[in-house]
Amino acid sequence: MRTPMVAGNWKLNGSRESATSLAREVAATPVAGVDVVVCPVSVHTAEVAEVLEGTDVKLGAQNACAHEGGAYTGEVSSTMLAEFGCEYVIIGHSERRSLFGDDNESCAARHQAVMAAGLTSIFCVGETLEDREAGNTMAVVDAQLQAVFDVCGTQAFDGAVIAYEPVWAIGTGVTASPEQAQEVHAHIREFVAAQDQQTAAKLRILYGGSVNAGNAQELFGNTDIDGGLIGGAALKSADFLAVCQAAAAQA
Ligand code: PEP
C-alpha cells in the first residue's frame, strides 16, 4: 500500500511574508493519510522550515546541485538543504530542462546527489506536445529514466518519487485525461520494475499538469497514480488543501 503524496511546487513566487503565510495556512489543516510537501523558493527555505516545524507538512526544494560544494555559482547543495530540514527535492522539472539546460545527464547526477544526501528526489519526466503527437511519449520518458539508471544503477529509484508531468499540461489549464495519465504511469512502473520489482511496487508516481480541486479526484483514482505535483493550485491554501483532500479520499 503506497501512501499518497501531494507536493506543491511554488516555483519563483512569493515573498518572505506570503511564503510563510501560505505555509502556515497549509499546515493549519492536517490531512490524514497523505504526505503533504511544500517546495518554496530556496531563499524562503529557512523561514518556511520554522513555520512547518512540529507540523505534518514536509519541506522540499525545487532543485539541487549535483555537487556538494565548490565553484558552482548560483547552486545549492542537497546537504545545505537538509540542514534546513528539507526532505524532498524536485529534480528535472520541465522548466529546469527547457529553460536552464538541465539535461538528462545533469538531472541524473542531481538525482544521485539528492539520494546520497539522504533526501528524497521527486524526479520529473514528461513529453512535449510534439513528442506526444509524434507517438514518442514512452520513448522520451524511458530515456529520461534510463539516464538515471545509467548513473545510479538498478536501485536508482529505491526510496525516490517520480512525477509524470506532460509538458503540454504544465501551467496550461489542459490536463492529461485520467486514461492518458494512467497509461504513462503504468508504463513508468513497468519500466522501473524491469530493473527492480520491489522498487517499482512501492514507488510513488505523482501526476503533475494543471491539477486542481475539480480534476484531482478522478486523476488520483487510478491504480498507478499516487498523488500529484501541483504548481498553480499550490499557491492558494484552499485550492491546495482541496487537492490534498482528494488524495486522502483515495488513501
Ligand atoms: C508544475 O509546475 O509542476 C505543475 C504541475 O504546474 P501546474 O500545476 O500549474 O500545471
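A brief look at the structure comes next. The model shown is predicted, which means the values in this text are computed figures rather than measured ones. Every chain begins its residue count from 1, and numbering advances along the sequence as written. A pLDDT threshold of at least 70 governs which residues receive local features in this predicted model, and a stricter bar of 80 or more applies before side-chain atom pairs are shown or counted, although totals over entire chains, interfaces and linings include all residues. With hydrogens and water set aside, each side-chain value is computed from the structure's full complement of heavy atoms.

Observations concerning the packing of helix α5 (residues 104-116) against helix α7 (residues 137-152)
Step number 1: Remark: α5 packs on α7, axes separated minimally by 8 Å, with the N-to-C direction vectors making an angle of 50 degrees. In terms of axis orientation, α5 runs oblique to α7. Two packed elements cross with a definite hand, and for α5 against α7 that hand is right-handed. Where α5 approaches α7, its residues Asn104, Ala108, His111 and Gln112 are matched on the opposing element by Ala143, Gln144, Ala147, Val148, Val151 and Cys152. Axes here refer to lines fitted to C-alpha atoms; in helices the fit is confined to the stretch in contact. Angles between the N-to-C directions go from 0 to 180 degrees. Runs of E in the DSSP output that reach at least two residues are strands. Runs of H or I that reach at least four are helices, and both are numbered from the N terminus. An angle below 35 degrees is treated as roughly parallel, one above 145 as roughly antiparallel, one from 65 to 115 as roughly perpendicular, and anything else as oblique. Left-handed describes a crossing in which the near helix is turned anticlockwise from the far one by less than a right angle; the clockwise case is right-handed. Whether two residues are in contact is decided by their heavy atoms: any pair within 4.5 Å suffices.

Some details on the state of the cysteines
Step number 1: Only a pair of cysteine sulfur atoms within 2.5 Å qualifies as a disulfide here. Enumeration according to the criterion identifies zero disulfides in this entry.
Step number 2: Distance from the sulfur of Cys39, which forms no disulfide, to the nearest cysteine sulfur (Cys86) is 7.7 Å.
Step number 3: On the basis of relative accessible area, Cys39 is assigned to the buried category, the value being 0%.
Step number 4: The closest cysteine sulfur to the non-disulfide-bonded Cys124 is located on Cys107, 8.6 Å from its own sulfur. For every residue, the accessible area obtained with a 1.4 Å probe (protein chains only) is divided by the maximum for its type, and the residue is called buried under 20%, exposed over 50%, and partly exposed between those limits.

A short note on the site of the ligand
Step number 1: Any residue with a heavy atom positioned within 4 Å of a molecule or strand is treated as near that molecule or strand. Inspection of the region around the ligand gives 14 residues, with Lys11, Glu165, Gly171, Ser210 and Gly232 positioned closest.
Step number 2: Throughout this description, a polar contact denotes any pair of N or O atoms lying within 3.5 Å of each other; where both atoms belong to protein, one of them has to be capable of donating a hydrogen while the other can accept it, and for residues adjacent in sequence the pair is counted only when both atoms sit in side chains. Within the side chain of Asn9, one N or O atom sits 3.4 Å away from an oxygen atom of the ligand.
Step number 3: Working definition of accessibility: Shrake-Rupley area with a 1.4 Å probe, residue cover restricted to the visible protein chains. Summarising the interface, the protein chains cover 96% of the accessible area of the ligand, which totals 290 Å² for the free molecule.

Brief notes about the nonpolar core
Step number 1: Joining through side-chain atoms within 4.5 Å is the link that ties buried Ala, Val, Leu, Ile, Met, Phe, Trp, Tyr and Cys residues into a set, and such a set is a nonpolar core. Among the nonpolar cores identified, the biggest contains 65 residues, and Leu145, Phe157, Ile188 and Phe220 are the most heavily contacted of them.
Step number 2: With six residues, helix α11 (residues 237-250) is the largest single contributor of residues to this core.
Step number 3: Leaving out residues up to four positions away in the same chain, Phe157 has contacts with His111, Phe123, Leu145, Val148, Phe149, Ile162, Val192, Thr199 and Leu203.
Step number 4: One finds Tyr88, Cys124, Val161 and Leu206 within the second-largest nonpolar core, a separate group that totals 12 residues.

This is a description of form; function is not addressed.
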